[in-house]
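Structural characterization, general
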Amino acid sequence: MTRRSAALVLAMLLLALAGAAGSARAAGYRYWSFWDRSAGGWTYATQGPSTARPGDGDVQGFRFAVSADSQDASQPRGAASFAAICAGTPARDGAKRVALVLDFGTAADAPGGEVPPSPRTACARVSPDATTAEALAAVAKPLRYDANALLCAIAGYPRTGCGEQVSGQEPGKTSGEGSGQASGGDGTASAAKPGAEAGDAADGGPSVGLYAGAAAVAVLAAAAVWQARRRGSRGNG
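Residues numbered from 1 in each chain as written. Predicted model: local features only at pLDDT ≥ 70, side-chain atom pairs only at ≥ 80, totals over all residues. Heavy atoms only, no water.

**What about the overall build of the protein chain?**
Here is the rule: Per the convention used, a helix needs a DSSP run of H or I reaching at least four residues, while a strand needs a run of E reaching at least two, with both numbered from the N terminus. Three labels apply to residues, based on accessible area from a 1.4 Å probe with only protein chains included: buried if under 20% of the type maximum, exposed if over 50%, partly exposed otherwise in between. Residue contacts are defined here by distance: any two heavy atoms, one from each residue, within 4.5 Å place the two residues in contact. What sets the accessible areas is the Shrake-Rupley method with a 1.4 Å probe; for residues, cover comes only from the shown protein chains.
When helices and strands are counted, the protein chain shows four helices and eight strands. The N-to-C order of helical and strand elements in the protein chain reads α-β-β-β-α-β-β-α-β-β-β-α. Looking at the 237 residues of the protein chain, the share that counts as buried comes to 39%. Within the protein chain, contacts between residues separated by at least 24 positions form 70% of all contacts whose residues are at least 6 apart in sequence. Total accessible area on the protein chain is roughly 11,800 Å²; 55% of this is exposed by carbon and sulfur atoms.

**Section: the packing of aromatic side chains**
To describe a pair of aromatic rings, you give the distance between the ring centres and the angle between the ring planes. Operational definition: Stacked, tilted and edge-to-face are the three classes applied to pairs of Phe, Tyr and Trp rings, where Trp contributes its six-membered ring and a pair requires centres within 6.5 Å; stacked means planes under 30 degrees apart, edge-to-face means over 60, and tilted covers the rest.
Evaluation of the coordinates by the stated rule reveals six aromatic pairs. Measuring from ring centre to ring centre gives 5.4 Å for W32 and F104, while their planes differ by 85 degrees; the resulting arrangement is edge-to-face. Here W32 is found in strand β1 (residues 28–38), whereas its partner F104 is found in the loop between β4 (96–103) and β5 (120–126), with 72 residues between them in sequence. Each member of the pair, W32 as well as F104, is classed as buried. Centroid distance F104 to Y157: 6.0 Å. Interplanar angle 75 degrees. Geometry classified as edge-to-face. Residue F104 is found in the loop between β4 and β5, and its partner Y157 is found in the loop between β7 (151–153) and β8 (165–166); the two are separated by 53 residues along the sequence. Each of the two residues, F104 as well as Y157, counts as buried. Each member of the aromatic cluster is reached from another via a ring pair, and the members are W32, F64, F104 and Y157.

**As for unusual backbone geometry**
Here the amide bond leading from K141 into P142 is cis, since omega sits at -5 degrees, within 30 degrees of zero. Within the secondary structure, P142 is located in the loop between α3 (132–139) and β6 (144–145). With omega at -5 degrees, the peptide bond leading from Y157 into P158 counts as cis. Summarising the element assignment, P158 is placed in the loop between β7 and β8.

**Description of the nonpolar core**
For soluble globular proteins, the rule of thumb is that nonpolar side chains tend to be buried together. Basically, it comes down to this: Definition used in this section: a nonpolar core is a set of buried Ala, Val, Leu, Ile, Met, Phe, Trp, Tyr and Cys residues joined via side-chain atoms within 4.5 Å.
Within the largest apolar cluster, 20 residues are counted, with the highest numbers of intra-cluster contacts made by W32, F62, L100, L102, L136 and I154. Those elements that provide at least two residues to this core are β1, β3 (59–67), β4, β5 and α3. It is β4 that contributes the most residues to this core, three residues altogether. Among all residues touching I154, those that are not within four sequence positions of it are W32, F62, L102, F104, L136, A140, P142 and L143. Formed by 14 residues, the second largest nonpolar core is a distinct cluster that contains Y29, Y31, Y44 and A80.

**Side note on the pairing of β1**
What counts, and what does not: Two strands pair under a simple rule: DSSP has to find at least two bridges between them.
Of all eleven residues in β1, eight are buried; the element is thus mostly enclosed. As paired elements, β1 and β8 share two bridges and run antiparallel to each other. Considered in β8, the bridge of G28 is made with V166. Where β1 lies against β3, nine bridges are found, and the strand directions are antiparallel. Its bridge partner being in β3, W35 is matched across the sheet by G61. Relative to strand β2 (residues 41–44), β1 runs antiparallel, the two sharing four bridges. Of the residues in β2, the one forming a bridge with D36 is T43.

**So, the state of the cysteines**
Any covalent bond linking the sulfur atoms of two cysteines counts as a disulfide. Heads up, the rule is: In this description, the term disulfide denotes a pair of cysteine sulfurs within 2.5 Å.
Enumeration according to the criterion identifies two disulfides in this entry. Disulfide pairing is shown between C86 and C123; the S-S distance is 2.0 Å. Between C86 and C123, the S-S dihedral sits near 100 degrees, and the bridge is therefore right-handed. In this pair, C86 sits in the loop between α2 (82–85) and β4 while C123 sits in strand β5, placing the two residues 37 residues apart along the sequence. Of the residues examined, C86 reaches a relative accessible area of 2% and is grouped as buried. The class for C123 is buried, based on a relative accessible area of 13%. One disulfide in the model links C152 with C162; its S-S distance is 2.0 Å. Of note, the bridge from C152 to C162 carries an S-S torsion of about -75 degrees and is left-handed in sense. Here C152 is found in strand β7, whereas its partner C162 is found in the loop between β7 and β8, with ten residues between them in sequence.

Here's what the structure looks like:
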């Protein structure tokens, strides 16, 4: 093998690895993410809606989108002021008010054949010990959950599906907004995206297979160069 041949083999191997990495990035997951509003910004909720118990005056949000991994979840869009959202819902003794921002996502994130409703807000007046899930149920029925209590639909959207894998597009780039973590089985924050068993690292980084592929390329490239040098030295001899 000549040095030119070795360089060609190396280039082909690198192109193959790049293609594999691109295919891995093209897979995302379609789901509702859950957010808390504080200090004028969104942060991914540290509890699921079934266990979180917001206080009176809190603002929480939900966003439906396709996300590539735990660092790529899209934030709810639009204004999120408690004063504005709950202006028409007066305070009442023995109850609390929770402002909810419901972002149904974009057409690019919608399941086939469905059109996402326009984003909207709602003020839920519920009992003082109510969870976020109960507040959501008070203003955005019907809700749909899967067997693992993952929130699948808000106000009936989407009609079908729940955290399914989506491929063939660059996920999580439809809005260009913020990041967060994917929802776990009960809607709680999870270190990995839904369906993490697909082989991605827990922090949303490259998979073990990608590192293994890179190592294989390095080994093959070194072997090709060594063989080329060996043949060159024989020719000079």
